[in-house]
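Fold and geometry: a report
The residues making up each chain are set out below.
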Amino acid sequence: MRVSAVIPAAGSGTRMGTPTPKQFWVVHDRPLIVYTLQTFARSDFIQEIAVPASEDGIPLLRDLVRRFHLDGKVRIVLGGASRHHSIRNGLLALSPADVVIVHDAVRPFIFEEIFRPLAEAAWEHGAAGTVMPLVDTVLAVTDDGFMERSLDRRLYRASQTPQAFRYEILRWAYENASEDEMLHGTECLELARRAGARVRLLEGSPFFWKVTYKPDIYTAERLAMERARQVAIVTGGSRGIGRKVAESLADRGLRVAVVARGGEAEEVARRIGGMGIQADVSRPEEVQRVFEAVLGRWGRVDVLVNNAGIARWRRIAEMGDGEWQEIVDTNLSGAFYCTRAAFKTMAESGNGGVIINIGSSSISGGRVGEGAYAASKAGLVALTETTALEGKPYGIHAFTVIPRRTDTALRRALYPDEKDADLLDPADVARVVTFCVTEWMPHLSGQSFWVR
Ligand code: C5P
């Protein structure tokens with residue numbers, strides 16, 4: 001089945017009351033329409049995409065299509081005076097197909113899983129739409145602002161997009177529609193019905209809603225963030241701060257790969273519904289295996305938390321080469337191997353991501369017996385800042401989260417006699433890490449966040 005799409009985007013956005021039409025509203029780093037186009041462009045199921053845009057919108061859209069590498073499938077055409085006119089122009093710009101999916105540019109959070117069942121239903125019945133039960137009751141009204149009657153909402157559905165049509169039916173419907181319908185009609189399914197289709201209705205989704213009013217932008221921002229940050233790798237995730245970070249990210253809906261040297265990674269992963277990987281991050285080949293496993297299973301890495309760390313209490317004069325090496329290899333080189341691998345996949349995906357290094361308050365002021373530990377943690381701050389600079393063109397953000405003394409097994413082993421009251425709760429550190437992951441901070445990267 002040859003399936004193409006028309007994505008009308010020529011509206012002027014008058015309901016929002018803003019000079020910029022809503023399809024060009026920027027949510028995080030890209031306008032809403034880019035989210036929509038990316039979902040269609042990514043789908044192997046869709047051959048060609050026509051996007052009707054207004055005269056003013058065309059140069060803007062051209063630029064976006066280039067910037068987000070959508071040129072392969074997208075054709076920009078001039079829209080019309082109404083949504084129907086725009087869709088017709090789009091349809092005429094497509095090569096003949098079996099089925100055409102029509103979808104509003106301003107419903108950016110659709111998912112591609114709907115394309116196949118929708119197109120198949122359209123192929124079988126002539127046309128298919130997505131619908132939702134009504135949440136508000138619909139009233140018939142008089143011209144002068146009075147209620148005429150109420151409709152029984154159980155009998156009605158709200159019509160969403162995407163909708164799909166047999167190509168020939170939609171062509172015919174538009175060729176035979178009156179100018180009045182073309183200008184004032186709003187429902188393509190109605191035209192298809194009159195063209196002989198028995199319109200099949202599939203269940204839509206709250207996520208297919210049309211961004212229309214100001215509060216919708218806030219929802220869009222949250223959803224965009226959720227889509228951008230889906231998969232996390234947390235090293236040293238079986239205990240202490242790492243474990244709390246893994247739990248906290250999982251609570252926020254991320255899929256988390258828990259990496260640890262010991263077998264406990266599996267157990268933590270099981271509890272949070274994630275993936276446990278036993279690996280030593282100080283060994284580059286093991287880091288490679290971690291990334292292969294996560295990419296193989298989940299196809300992406302959006303968040304990396306370099307938390308794995310070891311410490312020994314030893315004065316510099318007494319520290320052996322091996323001990324020094326082991327600490328630096330795990331705390332600093334391990335973070336480097338992971339960062340390098342994460343950077344590569346985050347840059348290639350075009351989605352960017354966030355890399356967080358867990359530092360330590362020992363990085364400043366010096367601390368007797370913690371030379372290797374402090375030096376390796378201080379190195380992480382420099383690594384973060386470089387990652388931030390090099391990551392900027394790719395949307396990769398980097399932060400160091402620097403906890404003061406925290407109540408972890410690592411700390412307890414160094415200072416068995418320390419009093420609880422002096423120590424930070426690892427959950428508080430995890431909160432700051434989670435903040436860095438789930439908040440959109442476009443102009444912040446490279447910073448250190450101290451948790452005191
Ligand atoms: O106005 P409404 O919210 O129904 O618009 C739905 C979709 O139709 C939007 O993506 C809008 O850009 C598009 N549209 C169009 N041409 C018009 C009017 C609306 O492509 N003349």
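What counts and how
- In this numbering scheme, every chain counts its residues from 1 along its sequence in written order.
- Since the coordinates come from a predicted model, pLDDT governs what is reported: local features require at least 70, and pairs of side-chain atoms require 80 or more to be given and counted, while whole-chain, interface and lining totals use all residues.
- Note: side-chain values were computed over all heavy atoms of the structure, leaving out hydrogens and water.
- Helix numbering and strand numbering both begin at the N terminus, where a helix is a DSSP run of H or I of at least 4 residues and a strand a DSSP run of E of at least 2.
- A 1.4 Å probe rolled over the protein chains alone gives each residue an accessible area, and that area as a share of the maximum for its type sets the label: buried under 20%, exposed over 50%, partly exposed in between.
- By definition, residues are in contact when any of their heavy atoms lie within 4.5 Å.
- We get accessible surface area from the Shrake-Rupley algorithm with a probe of 1.4 Å; when it comes to residues, only the shown protein chains can shield them.
- Charged-residue counts in this description rest on Lys and Arg as positive and Asp and Glu as negative, His and the chain ends being excluded.
- To locate a charge, take NZ of a lysine, CZ of an arginine, CG of an aspartate or CD of a glutamate.
- Arc definition: it is the arc formed by the directions from the helix axis to the C-beta atoms.
- When DSSP finds two or more bridges between a pair of strands, those strands are recorded as paired.
- Axis lines are fitted to C-alpha atoms, over the contacting stretch for helices. Their N-to-C directions set the angle, which ranges from 0 to 180 degrees.
- A right-handed crossover is one whose linking path, passing over the helix from the first strand to the second, runs clockwise when the strands point away from the viewer.
- Salt bridges are defined as contacts in which a side-chain nitrogen from Lys or Arg sits within 4 Å of a carboxyl oxygen from Asp or Glu.
- The disulfide criterion is simple: two cysteine sulfur atoms within 2.5 Å.

Assigned secondary structure in the protein chain consists of 15 helices and 18 strands. C-alpha extents for the protein chain along the principal axes are approximately 90 × 45 × 40 Å. In the protein chain, which comprises 452 residues, the share counted as buried stands at 52%. Once local pairs closer than 6 in sequence are excluded, the contacts in the protein chain between residues at least 24 apart make up 71%. For the protein chain, the computed accessible surface area is about 21,500 Å², with 50% contributed by carbon and sulfur atoms. Distance between charge centres in the protein chain, computed from 56 positive and 56 negative side chains, equals 1 Å.

Moving on, we get to helix α10 (residues 264-272). A265, V268 and A269 are the residues of α10 that are buried. Along the axis of α10, the buried positions cluster into a sector of 100°, meaning they face one direction only. In α10, those exposed residues whose orientation departs by more than 90 degrees from the buried face are R270 and R271. On its buried face, α10 sits against α9 (240-251), β13 (255-260) and β14 (275-278). Looking one or two residues beyond α10, the residue adopting positive phi is G273, at roughly 70°.

This next bit is on unusual backbone geometry. Note that the residue after T161, namely P162, is joined by a cis bond; omega there is 15°. Within the fold, P162 resides in strand β10 (residues 157-166). Positive phi values are uncommon outside glycine, yet H28 reaches one of about 60°. The phi dihedral of H69 is positive, around 55°, even though this residue is not glycine. Note that H69 resides in the loop between α2 (57-67) and β5 (74-78).

Taking strand neighbours across the sheet as the criterion, the seven strands line up as β5-β4-β1-β6-β10-β7-β11 in an open arrangement whose pairing is mixed. What marks the edges here is a single partner per strand, and that holds for β5 and β11 (200-203). Along the sheet, successive strands turn relative to each other by an average axial angle of 25°, direction set aside. With four bridges connecting them, strand β7 (residues 127-133) and β11 associate as parallel partners.

Of the two faces of strand β15 (residues 303-306), the one carrying V303 and V305 and the one carrying L304 and N306 are both buried. Of the strand pairs in this sheet, β15 and strand β16 (residues 353-358) are connected by four bridges, and their pairing is parallel. By the bridge assignment, V305 is partnered in β16 with I356. Assessed by its sense of winding, the connection that carries the chain from β15 through helix α12 (residues 321-349) to β16 is right-handed.

A word on the environment of I87. Note that I87 resides in helix α3 (residues 83-93). Residue classification places I87 among the buried residues on the basis of a relative accessible area of 0%. Taking the C-alpha atoms as reference, I87 lies 53 Å from A260; in sequence the two are 173 residues apart.

Oppositely charged side chains are able to pair whenever their charged atoms sit close together. Following the criterion strictly, the structure yields 27 salt bridges and no others. Between R289 and E286 there is a salt bridge; the shortest N-O distance is 3.6 Å. Of this pair, R289 and E286 both sit in helix α11 (residues 284-298), three residues apart, which is roughly one turn of the helix. Relative accessible area serves as the criterion here: at 38%, R289 is assigned to the partly exposed category. Via salt bridges that share partners, E181, E190, R193 and R194 belong to a single interconnected network.

With that out of the way, let us pick up the state of the cysteines. In this structure the tally under the stated criterion is zero disulfides. Not part of a disulfide, C436 finds its nearest cysteine sulfur in C338, a span of 18 Å.

Keep in mind these values describe shape, not function.
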